[in-house]
Amino acid sequence: MNNISVIGSGTMGNGIAHVFAQYGYKVSLIDINQAALDKALATISRNMDRQVSKGLISEEDKNMAFGRIKTFNSLKEGAAHADLVIEAATENLDIKLELFRQMDEICKDSAILASNTSSISITKIAAVTSRPNQVIGMHFMNPVPVMKLIEVIRGYATSDEVTSRIMDLSKKLEKVPVEVNDYPGFVANRILMPMINEAIYTLYEGVAGIEEIDTVMKLGMAHPMGPLQLADFIGLDVCLSILRVLYEGFGNPKYAPCPLLVNMVEAGYKGVKTGEGFYKYTPGVKEFIVSPQFKK
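Conventions and cut-offs
Residues numbered from 1 in each chain as written. Predicted model: local features only at pLDDT ≥ 70, side-chain atom pairs only at ≥ 80, totals over all residues. Heavy atoms only, no water. Core = buried A, V, L, I, M, F, W, Y, C linked by side-chain atoms within 4.5 Å. Buried < 20%, exposed > 50% of the residue type's maximum accessible area, 1.4 Å probe, protein only. Helix = DSSP H or I, 4+ residues; strand = E, 2+ residues; numbered from the N terminus. Contact = heavy atoms within 4.5 Å. UniProt positions renumbered as here; feature names shortened; annotations may be inferred. Salt bridge = Lys/Arg side-chain N within 4 Å of Asp/Glu carboxyl O. Patch = residues over 30% accessible without salt bridge, like charges linked within 9 Å, V, L, I, M, F, W, Y side chains within 5 Å. Areas by Shrake-Rupley, 256 points an atom, 1.4 Å probe, with all protein chains shown as cover. Lys, Arg positive; Asp, Glu negative; His and termini not counted. Charge placed at Lys NZ, Arg CZ, Asp CG, Glu CD. Expected span 1.5 Å × (residues − 1). Arc of directions from axis to C-beta. Disulfide = S-S within 2.5 Å.

Asker: Go over the nonpolar core, please, and point to the residues and values.
Answerer: Judged by nonpolar contacts, the single largest core of 34 residues is most densely connected at F20, L84, I86, F140 and I166. Looking at this core element by element, the count peaks at 6 residues for helix α1 (residues 11-22). With near-sequence residues (within four places) excluded, L84 lies in contact with M1, N3, I4, S5, F20, I112, A114, M138, I166 and L169. I213, L236, I242 and Y279 belong to the second-largest nonpolar core, a separate cluster that totals 26 residues.

Asker: Now, about the UniProt feature "site: Important for catalytic activity" (unreviewed entry) in the protein chain: what can you tell me, with residues and values included?
Answerer: When the UniProt feature table is mapped to this numbering, "site: Important for catalytic activity" (unreviewed entry) covers H139. By the element assignment, H139 lies in strand β6 (residues 135-140). Judged by its relative accessible area of 6%, H139 is buried. When sequence neighbours within four positions are dropped, the list of residues in contact with H139 reads S115, N116, T117, S118, L149, I150, E151, I153, A188 and N189.

Asker: If you had to explain the UniProt feature "domain: 3-hydroxyacyl-CoA dehydrogenase NAD binding" (unreviewed entry) in the protein chain to someone new, which residues and values would you point to?
Answerer: In this structure's numbering, the residues bearing the UniProt feature "domain: 3-hydroxyacyl-CoA dehydrogenase NAD binding" (unreviewed entry) are residues 4-182. Segment residues 4-182 splits into 44% helix and 22% strand. End C-alpha atoms: 24 Å apart.

Asker: Can you explain the pattern of salt bridges? Please cite residues and give values.
Answerer: Scanning all chains against the criterion turns up 10 salt bridges. When the shortest N-O distance is used, the salt bridge between D237 and K273 registers 2.9 Å. Linking D237 in helix α11 (residues 236-250) with K273 in the loop between α12 (259-266) and β9 (279-280), this pair joins segments that are 36 residues apart in sequence. With a shortest N-O distance of 3.4 Å, K280 and E276 are connected by a salt bridge. Overall, E276 belongs to the buried group, its relative accessible area being 13%. Through salt bridges with shared partners, a single ionic network connects E87, E91 and K96.

Asker: Could you give me a rundown of a positive patch on the surface, with the residues and numbers involved?
Answerer: Together, K39, R46, R50, K54 and K286 give the surface a local cluster of positive charge. Relative to the elements of secondary structure, K286 occurs in the loop between β9 and β10 (289-290). Owing to a relative accessible area of 79%, K286 belongs among the exposed residues under this scheme.

Asker: Break down helix α8 (residues 188-204) for me, with residues and values.
Answerer: Working note: α-helix, 3.6 residues per turn, so residues spaced by three or four point in the same direction. The first and last C-alpha atoms of α8 sit 24 Å apart over 17 residues, in line with the 24 Å expected at 1.5 Å per residue. Among all positions in α8, only N189, M193, I196, N197, A199, I200 and L203 are buried. Within α8, the buried residues cover an arc of 155° as seen down the axis, which keeps them to one side. Where α8 is buried, its residues meet β6, α9 (210-221), α10 (227-234), α11 and α12.

Asker: Any details on the state of the cysteines? Residues and values, ideally.
Answerer: Overall, the coordinates contain 0 disulfides when judged by the stated rule. In this model C239 remains outside any disulfide bridge; the closest cysteine sulfur is found in C258, 12 Å from its own. By relative accessible area, C258 is classed as buried at 0%.

Structural data, given as structure tokens:
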């Protein structure tokens, strides 16, 4: 398994491409948006420079790894010869289903098709292909070059052989793969998102303020980041999408998204990506303050 294609050049896609290239794999990074691809390459280069400055890789290693990444605007050109295709598009079921239909037609018969989805059913995705036994979830954590965990999600039909190959491949990237079964939210987000949602409810109900809630969780539970700040970094729209998947998948009201979260997303307050969520973020400034909307 030498040729890897990654669909989607956003935060997760460029991170996945970075890691595979760093460990010697040829990577095709695919996105219909050329500006997004250019931005992804700049991000990868900058992140590799950071690794060089920390002594994690050499300048020569960086140049060789960066040279292994090729970009494509066409799915057919970028994925036709891949041994493994990893979809890292936005967390939207319809988009993912359409991509997997196309991947199934374009990719060679032996190719494994993976999704970096953080909550959507691998079984449902696999069902639109003619090779459900070769469809699997590879849920990388953000930032991909730093975080060690990969949730490896088996769909209902995913074969033992494909699962074993993906587990072994993940270890070659010096990651720690954890095999889980295909239920809404898998393990990471089934546990994380209700915690974030409860933190938002705690704010919504006036129990405490943003900084107070985050401080309790950081100092009391030894979390490196408070749940509200973490929600901003994940993206409040992403948190809302995952909670809706959990709510619809289990039919349990404990997963119902907090109305405050719904309102914030509808108003365009999505966290770091929009410059404001629970906190306000200024480009180039590491310090951030509680969003003015919560100080009224």
